[in-house]
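An overview of the molecular structure
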Amino acid sequence: MKKIFTVLISILLLCGVCFCAAKNKVTPKDLFFDIERIKVDLSASSSMKELYNPDPWEQLQADVMAGKADRDECVRRIRRILATYKITHLYIYDFEVNTNPKTRPLAFYCFSDGYYVTSAVKKYAKYLGWKLKGVGDYSVEEVLKKISEIQNYETPSGLRYAFEQFITYEAFEEIGIAEKGKIVFTLESPEGVVETIKTKAVNANKKRIMIEQENITAFNHSWDASKSYEIKTVPETKTIYIPFNKVVPREDYSVKDWLNDIEKELKTGAYNTIVFDLRYNPGGMFMMLENFMYNHKPEFEKYNMALVTTGRTYSAATEFMDQTLRLYPNVKIFGEETGQAVFNYTGTYNNNDLKYLRINFYWPTMVDDVPELYARAKDIHRGTFPDVEVGETFEGYMKGEDSIYKAIYEYFN
């Protein structure tokens, strides 16, 4: 048994040596041509070629051939070059970092009144509900500006939500707000006590404790965005809330059945308002939207209809907004400016697997056709703005009273 174990260990060590050797065999020429493939994709794409600037790419290639940029430096600079385009559908997936990522031990939710700790590993559970005041030596605003150097965003609203997204420790280190495996946060308790804590980066899958609400009301909404779409009926407010979190069909619940179930609920006579909540919707498969609402127009148009948007609302979700506005001119939008600009480059189907850089490169292939959103826009390079601007508050969430849902009820009643 001992001999078998020794043999297995030897094989694993040999595999590790071979893997490292394979990585070390990557030559400047290999990296040069992987970068060349990105240049070709950008310069040949109908949606990208007008924006394409070869200068930073050629400088990177020159630095590679001069031995000034290895694989990791290439990936960092590629990310920064792409961030200058400010197109969210233009990005890379880094296999090196995402294989076993580490990140901060605290997770934050972006409310209209700031960022609050909403989940944490057990060691830092006492900080649940504390407000973020700064990271390292930087204010929250300065941190967002630094994130924008490596991450694409299209609207100010979209950038606000960048900090609540998953960010690897390596990314924090790259923008200079973390070092030696540590991230420093300055937090303020509900009682006004301010503490600065030095935290250690943890594995992304490490178990976390979630904050618990103090109360639940008829205006409560769920943070669970794991399902593409659901139905939540609230007879007390005569409202059917439709959490629409991704434009992706569910295997266990077809789009057809979902829409039919909404119509069945409406026909009970217990409701007068339909709310499609797109606050967490990053988009998905726009083909799913074909005739999405048209077949149910005779029933749906009898009711008040509202859409909820935030800086997390992107891509196919904005196409859904446009389609809904075409069919139902009286629909009202509540919440915040969308993260997706009205004029946007989208339709990301293509990806280029760059084996020497160990990344996947994604780029958009089209411009959205959203005439209703254009008609509403004062600036097509900003997002779609709501008819009624209202944001979530931390206090409201803890009381189980979503300020957006409450504003919709008050508007129609």
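Our subject is the structure listed above.
Residues numbered from 1 in each chain as written. Predicted model: local features only at pLDDT ≥ 70, side-chain atom pairs only at ≥ 80, totals over all residues. Heavy atoms only, no water.

Looking only at helices and strands, the chain features 14 helices and 20 strands. Referenced to the eigenvectors of the C-alpha coordinate spread, the extents of the chain come out at roughly 70 × 50 × 50 Å. For the chain, buried positions account for 50% of its 413 residues. Sequence-distant contacts, at least 24 apart, represent 71% of the contacts inside the chain between residues at least 6 apart. Looking at the chain, you have 53 positive and 58 negative side-chain charges, and the mean spots of the two groups are 7 Å apart. (Helix = DSSP H or I, 4+ residues; strand = E, 2+ residues; numbered from the N terminus. Buried < 20%, exposed > 50% of the residue type's maximum accessible area, 1.4 Å probe, protein only. Contact = heavy atoms within 4.5 Å. Lys, Arg positive; Asp, Glu negative; His and termini not counted. Charge placed at Lys NZ, Arg CZ, Asp CG, Glu CD.)

This brings us to the sheet that holds strand S12 (residues 239-243). One open sheet accounts for six strands, arranged S11-S12-S13-S14-S15-S20; its pairing is mixed. If you trace the sheet from one side to the other, it starts and ends with strand S11 (232-234) and strand S20 (388-389), each paired once. Looking at chain direction, strand S13 (residues 273-277) and strand S14 (residues 304-309) are connected through five bridges and run parallel. Within S14, the residue paired with Thr-273 across the bridge is Asn-304. (Pairing = 2+ DSSP bridges.)

With that out of the way, let us pick up the pattern of salt bridges. Applying the stated criterion to the full structure yields 27 salt bridges. Note that Arg-77 and Asp-63 form a salt bridge whose closest N and O atoms lie 2.9 Å from each other. Separated by 14 residues along the polypeptide, Arg-77 in helix H4 (residues 71-83) and Asp-63 in helix H3 (residues 55-65) bring together distant segments of the chain. Residue Asp-63 is classed as buried on the basis of its relative accessible area, which comes to 12%. Between Glu-149 and Arg-80 there is a salt bridge; the shortest N-O distance is 3.3 Å. Within this pair, whereas Glu-149 is found in the loop between helix H6 (140-147) and helix H7 (156-160), its partner Arg-80 is found in helix H4, the two being separated by 69 residues in sequence. (Salt bridge = Lys/Arg side-chain N within 4 Å of Asp/Glu carboxyl O.)

A word on unusual backbone geometry. One non-glycine residue with positive phi stands out, namely Lys-180, at about 50°. Tracing the backbone through its elements, the reader meets Lys-180 in the loop between helix H8 (169-174) and strand S7 (182-188). The phi dihedral of Lys-238 falls on the positive side, at around 55°, and the residue is not glycine.

This part covers helix H11 (residues 316-327). Along its twelve residues, H11 runs 17 Å from first to last C-alpha, staying within 8% of the 16 Å computed at 1.5 Å per residue. The element H11 is largely enclosed, with a buried count of eleven among its twelve residues. Looking at H11, one finds that the buried residues are Ala-316, Ala-317, Thr-318, Glu-319, Phe-320, Met-321, Asp-322, Gln-323, Thr-324, Leu-325 and Leu-327. Buried residues belonging to H11 abut S13, helix H10 (297-300), S14, strand S15 (332-335) and helix H12 (371-376). (Expected span 1.5 Å × (residues − 1).)

Take the environment of Thr-318 next. The residue Thr-318 is located in helix H11 in this model. Other than its neighbours up to four places away in sequence, Thr-318 contacts Thr-313, Thr-338, Gln-340, Asp-368, Val-370 and Leu-373. Of note is the side chain of Thr-318, whose polar atom sits 2.6 Å from the backbone oxygen of Ser-315. (Polar contact = N/O pair within 3.5 Å; in protein donor to acceptor, adjacent residues only side chain to side chain.)

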